[in-house]
Amino acid sequence: MDGILDPHKPSARFFAVIAPPPFPPTHSMSGATTKQFASTLRALWESPTGLKTTHTWGPIANWGFVLAGLADSQKPPEMISGKMTGVMCVYSVLFMRFAWAIQPRNYLLFACHASNEAVQLNLLRRWAGAQDWKGEEKPAPAT
């Protein structure tokens, strides 16, 4: 066998004896613990609600709505779209109902849309407070 990694060559044996591994393990898992961890990970992966399904990745993607709503809460109320915020409120209520109705229940999706509903209702409150409902002039905010 030709090559640097040939264990029968004196240089390869010398390197293996002299050079320690780059990062020695600080702890080790027993064989039983490793097998148990692997079987738990495999069960999570192959589960009908596991990591490779939309049961997990759909809610993770939907957290983007919550983050966008939180970012919009820093904007002035005049920049908030009342129509879009209302649509997002209805959307979140419908999908909260969906997440609760399906079997098995998708608690991650439910939590995501409950959070989005709270954020969107806050935006709707801010938008409604900035509207001129009676046709009166609103006083300018003091600076």
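Everything discussed here concerns the structure shown above.
What counts and what doesn't
- Residues numbered from 1 in each chain as written.
- Predicted model: local features only at pLDDT ≥ 70, side-chain atom pairs only at ≥ 80, totals over all residues.
- Heavy atoms only, no water.
- Helix = DSSP H or I, 4+ residues; strand = E, 2+ residues; numbered from the N terminus.
- Buried < 20%, exposed > 50% of the residue type's maximum accessible area, 1.4 Å probe, protein only.
- Lys, Arg positive; Asp, Glu negative; His and termini not counted.
- Salt bridge = Lys/Arg side-chain N within 4 Å of Asp/Glu carboxyl O.
- Contact = heavy atoms within 4.5 Å.

Enquirer: Give a description of the side chain of glutamate 117 that names residues and reports values.
Expert: Here glutamate 117 lies in helix α5 (residues 107-129). One buried charged residue, glutamate 117, forms no salt bridge at all, with the nearest opposite charge on arginine 125 at 13 Å. Each residue touching glutamate 117, except ones within four places of it in the same chain, is listed here: Met88, Cys89, Ser92, Val93 and Met96.

Enquirer: A description of the environment of serine 73 should follow, citing residues and the corresponding values.
Expert: Mapped onto the secondary structure, serine 73 falls in the loop between α3 (54-72) and α4 (82-101). Residue serine 73 is classed as partly exposed on the basis of its relative accessible area, which comes to 21%. Taking the C-alpha atoms as reference, serine 73 lies 9.1 Å from glutamine 120; in sequence the two are 47 residues apart. For serine 73, the residues in contact, after removing those within four places along its chain, are Asn122, Leu123 and Arg126.

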